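Residue strings, one per chain:
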Amino acid sequence: MRYTRRDFLATAASASVASWAASTAFAGGATGTDAADAATFHRYNVNTPQGQRMLASYARGIQKMLALPADHPHNWFRNAFVHLMDCPHGNWWFYVWHRGYVGYFEQTIRMLSGDPQFAMPYWDWTSQPEIPATLFDGVLSPTDPAYAPFTGNLARFTSFIQPALEEYWDSLDTQQRQQLAARGYADFGALWNDVTGYNADAKTGISGNAGYAITCGARYLWRQNARLDAKTAAAVSPDTIHAGLSPLEFYNSDVSRSFTSSRTASHVDSPDKNTQFSVLEGFPHNKVHNCIGGVGAIDPGPYGNMTNFLSPLDPIFYLHHANMDRLWDVWTRKQLDQGLQIMPPPGEARDAFMTEPFRFFVQADGEFAGTKRAADFFNTQAFDYDYVGEGAGALQSAALAVKAAGPATLVRGKRRGAAVSVSLPGTVRGQLGATVPPALIAEVTVERPRGLHNTREFDVLVNAPAGVETVDANSPYYVGTVSFFGPPMTGMDHTHPTTFAVPLPQRLNLLKAGAADASGSTALEFRLVASTGQAAEAFPVLDAAVLVVP
């Protein structure tokens with residue numbers, strides 16, 4: 001099942017969106033008919049026979065991309081630089097941009113592999129919290145010897161790709177250059193610094209910020225150690241995914257109510273004051289990236305490919321993002337079932353989102369796709385695919401179960417030193433024994449580490465005694481791990497708070513640990529500690545709040 005052009009237009013309140021839909025991704029097909037619902041390409045769970053067949057085609061395509069010269073748009077490494085130069089993270093274009101990026105890549109593999117039915121399989125890390133075994137075979141692993149002629153060491157990588165990239169840079173048009181400048185890449189040298197991890201302000205290299213990874217260190221997890229660690233498993237757990245699917249709005253300035261992350265001026269700009277990570281981007285997306293790349297395990301780096309903006313150099317990137325795209329599809333259908341909007345609110349906000357230009361995508365023929373807008377990729381019909389496999393219905397039902405019975409309330413906290421205390425009303429405590437407990441999503445704000453401070457992950461603790469500085473995933477005080485993906489954007493303000501939407505685990509002892517006052521209210525004190533294996537740094541909680549859904 002997938003949503004159709006008719007479903008999309010039914011939720012579009014403005015005429016401008018209807019015209020975009022008619023002229024872009026939805027053109028050429030029957031409207032509101034069974035024919036319009038039938039996708040040509042099917043994305044399967046990687047563990048199914050069909051998914052395994054797709055992986056074989058994927059490997060053939062990768063081999064062809066590795067064999068192409070460095071100046072070819074479909075060269076494996078050149079393709080990854082599209083992500084480094086243009087990808088949005090921590091803003092509301094995250095989903096739609098990655099749909100376009102994966103979609104064009106999928107078409108390229110379809111052509112190069114000789115498989116006209118190829119569609120990218122997805123890795124459902126919730127049902128399988130370990131890297132699928134086949135992803136360690138041959139070129140499906142970035143540690144395979146086939147990569148060594150290019151990534152055996154930094155000098156080899158530089159001599160292979162840098163001259164071609166400089167020629168590519170010189171060929172870019174004015175609008176592309178303007179977007180790169182807004183991202184912090186005023187010249188080619190600034191871009192190359194993100195390859196090597198060089199910090200121009202500090203005049204030194206920061207190993208954890210390097211986009212390049214040597215062949216043998218390109219992926220941290222290996223065949224005999226393929227499982228996600230316990231904290232990453234918590235980040236992809238059913239409770240976390242259900243919480244991430246529960247928002248009733250595509251965007252809300254309260255990130256606990258928002259399916260997407262921060263609203264920014266453009267997809268290449270950082271927010272003016274505060275980055276906001278929604279549940280699904282901040283938890284399963286960021287944490288899986290970091291775990292595969294070795295954050296925590298091999299701090300302070302150098303990490304594997306998946307931790308930084310050259311993450312598409314690891315073939316698992318595309319299966320990871322296919323699953324994120326699948327969750328967006330599930331959320332969209334959940335919204336449609338409830339008669340709710342699947343886009344930003346009508347008016348200026350929707351216009352700003354839908355008309356945002358993407359200028360770096362490359363088609364299967366090797367040519368630039370031209371200027372595309374976010375509206376071109378808002379529906380899966382943009383690339384004529386759907387998702388096949390069990391689980392989507394259960395996810396949708398679970399998300400529906402947490403629909404608010406009344407207006408949700410965001411209860412703000414009070415800062416006390418390095419912690420913030422939030423007092424929840426007694427009515428919440430009384431509902432904990434219900435068959436479906438109330439969905440509680442916290443907003444936790446921390447200042448992003450910068451400069452030589454490279455800590456990427458912090459554990460969020462609730463009501464932990466002052467002496468508790470490290471916890472495991474089973475601790476009664478552990479709520480989750482907030483994770484930063486990639487280094488700070490070039491040019492980002494030196495003081496830049498980041499707010500994460502943090503789902504509170506559905507464990508009774510979480511709130512039992514809180515002290516109820518005479519009115520029955522429960523105090524939750526939030527504080528941060530550096531995640532296990534990382535350098536101890538003092539980063540206080542700047543703010544916290546809890547969204548209470550009655």
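These numbers come from a predicted model, not from an experiment.

## Some points on unusual backbone geometry
Then, in step 1: Cis geometry is adopted by the peptide bond preceding P300, which originates at D299 and carries an omega value of 5°.
Then, in step 2: On the secondary structure map, P300 appears in the loop between α13 (279-293) and α14 (316-337).
Then, in step 3: The linkage connecting G301 with the following residue, P302, adopts the cis geometry, with an omega of 5°.
Then, in step 4: Phi at D384 takes a positive value of approximately 60°, unusual for a residue other than glycine.

## A closer look at the sheet that holds strand β15 (residues 522-530)
The strands making up a sheet are joined through hydrogen bonds of the backbone, oriented either antiparallel or parallel.
Then, in step 1: Read from one edge to the other, the open sheet built from five strands follows the order β9-β10-β15-β12-β13, with strand pairing classed as antiparallel. Only two strands of the sheet have a single partner each, and these edge strands are β9 (414-416) and β13 (478-483). Between one strand axis and the next, the sheet turns through 30° on average, direction left out of account.
Then, in step 2: Across five bridges, strand β12 (residues 457-462) lies against β15 in antiparallel orientation.

## Quick notes on the packing of aromatic side chains
Then, in step 1: In the structure shown here, the tally under the stated rule is 45 aromatic pairs.
Then, in step 2: The interplanar angle of 65° and the centroid separation of 6.0 Å between the aromatic rings of W76 and F105 together place this pair among those described as edge-to-face. Here W76 is found in helix α5 (residues 76-86), whereas its partner F105 is found in helix α6 (residues 94-113), with 29 residues between them in sequence.
Then, in step 3: What makes F105 buried here is its relative accessible area of 1%.
Then, in step 4: Aromatic pair Y220 and W222: ring centres 5.6 Å apart, planes at 90°, arrangement edge-to-face.
Then, in step 5: Y220 sits in the partly exposed class, given a relative accessible area of 26%.

## Here we look at the nonpolar core
Most often, soluble globular proteins keep nonpolar side chains buried together rather than apart.
Then, in step 1: In terms of nonpolar packing, the biggest core is built from 105 residues, with Y58, W76, F81 and M85 touching the most fellow members.
Then, in step 2: Among the elements that make up this core, the one with the highest residue count is α14 (eleven residues).
Then, in step 3: With near-sequence residues (within four places) excluded, W76 lies in contact with Y58, I62, M65, L66, F105, Y147, P312, L313, D314, P315 and Y318.
Then, in step 4: Membership of the second largest hydrophobic core comes to 28 residues, among which are V420, V444, V460 and L504.

## So, the packing of α5 against α6
Then, in step 1: Two numbers describe how α5 lies on α6: the axes approach to 12 Å, and their chain directions differ by 170°. Judged by the inter-axis angle, α5 sits roughly antiparallel to α6. Side by side, α5 and α6 meet where W76, N79, A80, V82, H83 and D86 of the first sit next to W97, H98, Y101 and F105 of the second.
Then, in step 2: In terms of residue class, the contact of α5 with α6 is built from six nonpolar, three polar and one charged.

## A short note on empty space enclosed by the protein
Then, in step 1: Counted under the stated rule, the structure contains six cavities of 30 Å³ or more.
Then, in step 2: As for the second largest cavity, its lining consists of 13 residues, and the residues nearest its centre are N79, Y104, F105, T108 and V362.
Then, in step 3: Secondary-structure elements contributing two or more residues to the lining of the second largest cavity are α5 and α6.
Then, in step 4: Looking at side-chain class alone, the lining of the second largest cavity contains eight nonpolar, five polar and no charged residues.

## Comments concerning the sheet that holds strand β4 (residues 275-277)
Then, in step 1: Strand order in the open sheet made by the five strands is β4-β14-β11-β16-β8, with mixed pairing throughout. Lying at the two open borders of the sheet, with one neighbouring strand each, are β4 and β8 (409-412). Each strand of the sheet is rotated relative to its neighbour by a mean of 20°, with strand direction disregarded.
Then, in step 2: As defined by bridge partners, strand β11 (residues 440-447) adjoins strand β14 (residues 497-503) across seven bridges and the pair is classed as antiparallel. Along β14, the bridge assignment pairs T445 with T499.
Then, in step 3: Sitting on the sheet, α13 touches β4, β11 and β14, and the angle it makes with β14 is about 85°.

The rules behind these values
- Residues numbered from 1 in each chain as written.
- Predicted model: local features only at pLDDT ≥ 70, side-chain atom pairs only at ≥ 80, totals over all residues.
- Heavy atoms only, no water.
- Helix = DSSP H or I, 4+ residues; strand = E, 2+ residues; numbered from the N terminus.
- Pairing = 2+ DSSP bridges.
- Axes fitted to C-alpha atoms, helices over the stretch in contact; angles between N-to-C directions.
- Phe/Tyr/Trp six-rings, centres within 6.5 Å; stacked < 30°, edge-to-face > 60°.
- Buried < 20%, exposed > 50% of the residue type's maximum accessible area, 1.4 Å probe, protein only.
- Core = buried A, V, L, I, M, F, W, Y, C linked by side-chain atoms within 4.5 Å.
- Contact = heavy atoms within 4.5 Å.
- Parallel < 35°, antiparallel > 145°, perpendicular 65-115°, else oblique.
- Nonpolar A, V, L, I, M, F, W, Y, C, P; charged D, E, K, R; others polar.
- 1 Å grid on protein atoms, 1.4 Å probe; cavity = no way out; pocket = protein on both sides within 12 Å on 5 of 7 lines; lining within 4 Å.
- Points joined across faces, edges and corners; volume = space filled by probe spheres on them.

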